Amino acid sequence: MSTVLAIETSCDETAVAIVKNRQICSSVVASQIPVHRQYGGVVPEIASRQHVETINNCLEKALQDAQLEWASIDGIAATCAPGLVGALLVGLTAAKTLAIVHRKPFVGVHHLEGHIYATYLSEPSLQPPFLCLLVSGGHTSLIYVKDCGVYETLGETRDDAAGEAFDKVARLLNLGYPGGPVIDQLAQVGNPQAYPLPEGNVGLPGGGYHPYDSSFSGLKTAVLRLVQKLQQESQSLPVNDIVASFQESVARSLTRRAIACALDYGLDTIAIGGGVAANSGLRKHLQIAAEQRNLRVLFPPLKFCTDNAAMIACAAADHLNRGHTSPLTLGVQSRLPIPEVMQLYQTSQ
Ligand code: KG4
Ligand code: ZN
């Protein structure tokens, strides 16, 4: 039973949490979205500076909210990959410093393993194996979760991530940043059947399509062409119908691939993670399809779907329970495939 304090600074949220195995003692998230909104996306240099300015307050609040002394904390963790290098360095350096000062084990955590562990926070009895559909601003992956630290990527995007597609479509329609929540809201009052759009399939050299991989950059281009065509034809753009059709296409294609993958690999549970898990269209499609196929689909509460440190602490606690710790020489990596996650640890058991 490990209690872990974790820091997450891989992108535009400064987050600190304290978690006892799968139970949250405190979770603080300071979002930088208002700062980056004016630039239409995350500016890495500004993200790093904001993390430096915010992290001490977040640490203080997480400790206060949990009402815990350092003596009750068994380990200090931080996201070390993948993500923005400068941003990751802020959290990693703070965590290593705390580990040295308080003489605690240090645990580096893979950001995507954190998203997988977000499901355990709301479903503490869940056990592998299961399939995780990870859909965020940086990732679109179907991951076979076999055990703590043991993962196989079965499907991924060949270009844009699902969240990135939402952000880019929102930008071309001048809807602001981030695109997902605003598109989701406008899509509620639009007609999802208004415009047929491609479903981001990846063609195979021998013909047919890859069953689990996606390519969303073509879908984004199809939306751009549609907007250009409609603008030529009339003055007012049916934005609600365009975004509803776009969302429908993303939700339908992600659902089709996730269900096929779970059935092909004999997995009866699909856990969803990442910011796009908040999408109402995706939730609706997945729930209906899963019910038809007798599969269980788990959506963590929205606050655990987007970036937070509780999911990082939960992953770190599991590694710590198994005697996995990281050397203080561990660095940050902008990319690290999740099947290689065990390279972050030295085992003492
Ligand atoms: O997981 P996350 O907080 O950050 C990482 O990328 O790691 O995900 C952020 C992404 C953004 O691209 C945002 O547009 C998208 O999640 N998002 C949504 C919704 N809420 C957030 N996409 C679709 N529908 C939503 N309701
Ligand atoms: Zn994330």
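Residues numbered from 1 in each chain as written. Chains lettered and ligands numbered in written order. Predicted model: local features only at pLDDT ≥ 70, side-chain atom pairs only at ≥ 80, totals over all residues. Heavy atoms only, no water.

Quick notes on the nonpolar core
Moving on, step 1. Core analysis: the largest hydrophobic core is formed by 66 residues, its most contacted members being Leu-5, Ile-7 and Ile-116.
Moving on, step 2. The leading source of residues in this core is helix α11 (residues 310-321), at nine residues.
Moving on, step 3. Residues Ala-170, Ile-259, Ile-270 and Ile-272 belong to the second largest nonpolar core, which totals 48 residues. (Core = buried A, V, L, I, M, F, W, Y, C linked by side-chain atoms within 4.5 Å. Buried < 20%, exposed > 50% of the residue type's maximum accessible area, 1.4 Å probe, protein only. Helix = DSSP H or I, 4+ residues; strand = E, 2+ residues; numbered from the N terminus.)

Digging into the coordination of the zinc ion (ligand 2)
Moving on, step 1. Here the zinc ion (ligand 2) is held by His-111 (NE2), His-115 (NE2) and Asp-307 (OD), and the distances to it run 2.1 to 2.2 Å.
Moving on, step 2. In primary-sequence terms, the residues that donate to the zinc ion (ligand 2) follow H-x3-H-x191-D. Taken together, the positions of His-115 in helix α4 (residues 111-122) and Asp-307 in the loop between α10 (302-305) and α11 put the pair 192 residues apart, joining distant regions of the chain. For the pair His-115 and Asp-307, one class covers both residues: buried. (Donors = N, O, S within 2.8 Å, 3.2 Å for Na, K, Ca; no water.)

Re the sheet that holds strand β7 (residues 140-147)
Moving on, step 1. Pairing within the open sheet is mixed, and its five strands lie in the order β8-β7-β6-β9-β10. Two strands in the sheet have a free side with no partner beyond their single neighbour: β8 (150-156) and β10 (296-298). Going from strand to strand, the sheet's axes swing by 25° on average, the running direction of each strand aside. (Pairing = 2+ DSSP bridges. Axes fitted to C-alpha atoms, helices over the stretch in contact; angles between N-to-C directions.)

Some remarks on the packing of aromatic side chains
Moving on, step 1. Per the stated rule, a full pass over the model turns up five aromatic pairs.
Moving on, step 2. Residues Tyr-120 and Phe-130 carry aromatic rings whose centres are separated by 6.0 Å and whose planes lie at 85° to one another, so their mutual orientation is edge-to-face. Here the residue Tyr-120 occupies a position in helix α4, and Phe-130 occupies one in strand β6 (residues 130-135), the gap between them amounting to ten residues. For the pair formed by Tyr-120 and Phe-130, the shared burial category is buried.
Moving on, step 3. Relative to Phe-246, the ring of Phe-166 has its centre 5.0 Å away and its plane inclined at 70°; by these criteria the two rings are edge-to-face. One end of the pair, Phe-166, is in helix α5 (residues 162-172); the other, Phe-246, is in helix α8 (residues 239-264), and 80 residues separate them in sequence. Neither Phe-166 nor Phe-246 differs from the other in exposure class; each is buried.
Moving on, step 4. Grouping aromatic residues by their ring pairs yields a cluster made of Tyr-117, Tyr-120 and Phe-130. (Phe/Tyr/Trp six-rings, centres within 6.5 Å; stacked < 30°, edge-to-face > 60°.)

Some points on the site of ligand 1
Moving on, step 1. The local shell around ligand 1 holds 21 residues, among which Gly-137, Asp-167, Asp-184, Gly-275 and Asn-279 are the closest.
Moving on, step 2. Within the backbone of Gly-180, a nitrogen or oxygen atom sits 3.0 Å from an oxygen atom of ligand 1.
Moving on, step 3. The separation between a nitrogen atom of ligand 1 and a polar side-chain atom of Asp-184 is 2.9 Å.
Moving on, step 4. Secondary structure elements with two or more residues in the shell around ligand 1: α4, α5 and α6 (179-187).
Moving on, step 5. In terms of residue class, the shell around ligand 1 is made up of six nonpolar, twelve polar and three charged.
Moving on, step 6. Summarising the domain contributions, the shell around ligand 1 has at least three residues from each of domain 1 (3-119 + 305-347) and domain 2 (128-302). (Near = heavy atom within 4 Å. Polar contact = N/O pair within 3.5 Å; in protein donor to acceptor, adjacent residues only side chain to side chain. Nonpolar A, V, L, I, M, F, W, Y, C, P; charged D, E, K, R; others polar. Domains from an automatic or database assignment.)

A closer look at the pattern of salt bridges
Moving on, step 1. Enumeration over the complete set of coordinates arrives at 13 salt bridges.
Moving on, step 2. Note that Asp-65 and Lys-61 form a salt bridge whose closest N and O atoms lie 2.9 Å from each other. Taken together, the positions of Asp-65 and Lys-61, both in helix α2 (residues 44-66) and four residues apart, correspond to about one turn of that helix.
Moving on, step 3. A residue is classified by how much of its surface remains accessible, and Lys-61, at 41% relative accessible area, is partly exposed.
Moving on, step 4. Here Lys-229 ties to Glu-233 by a salt bridge, and the two come within 3.6 Å at their closest N and O atoms. You can see Lys-229 and its partner Glu-233 sitting in helix α7 (residues 217-233), four residues apart, about one turn around the helix.
Moving on, step 5. Salt bridges linked by common partners bring Asp-160, Glu-164, Lys-168 and Lys-220 together as one network. (Salt bridge = Lys/Arg side-chain N within 4 Å of Asp/Glu carboxyl O.)

As for the environment of Arg-335
Moving on, step 1. Residue position: Arg-335 is located in the loop between β11 (324-325) and β12 (346-347).
Moving on, step 2. In the structure, Arg-335 is positioned 252 residues away from Gly-83 in sequence and 6.9 Å away in space, judged by C-alpha atoms.

Some points on the environment of Cys-314
Moving on, step 1. Following the sequence through the fold, Cys-314 ends up in helix α11.
Moving on, step 2. For Cys-314, a relative accessible area of 2% translates into the label buried.
Moving on, step 3. In contact with Cys-314, not counting residues within four places along its chain, are Val-19, Asn-21, Arg-22, Tyr-117, Tyr-120 and Leu-121. (Contact = heavy atoms within 4.5 Å.)

Some words on the domain arrangement of the protein
Moving on, step 1. Along its sequence, the protein is carved into domain 1 (3-119 + 305-347) and domain 2 (128-302).
Moving on, step 2. For domain 1 versus domain 2, the separation of C-alpha centres amounts to 27 Å.
Moving on, step 3. Across the contact, 24 residues belong to domain 1 and 25 residues belong to domain 2.
Moving on, step 4. The junction of domain 1 with domain 2 conceals about 2000 Å² of combined surface from both sides, 67% of it contributed by carbon and sulfur atoms. (Buried area = accessible area lost by both parts, 1.4 Å probe.)

Structural notes on the sheet that holds strand β5 (residues 106-110)
Moving on, step 1. Pairing is mixed in the open sheet, where five strands are placed in the order β3-β2-β1-β4-β5. Each having just a single partner strand, β3 (23-31) and β5 make up the two edges of the open sheet. Neighbour-to-neighbour, the strand axes of this sheet turn through a mean angle of 20°, independent of strand direction.
Moving on, step 2. Where strand β4 (residues 75-81) meets β5, five bridges bridge the pair, whose relative direction is parallel. Of the residues in β5, the one forming a bridge with Thr-79 is Val-109.

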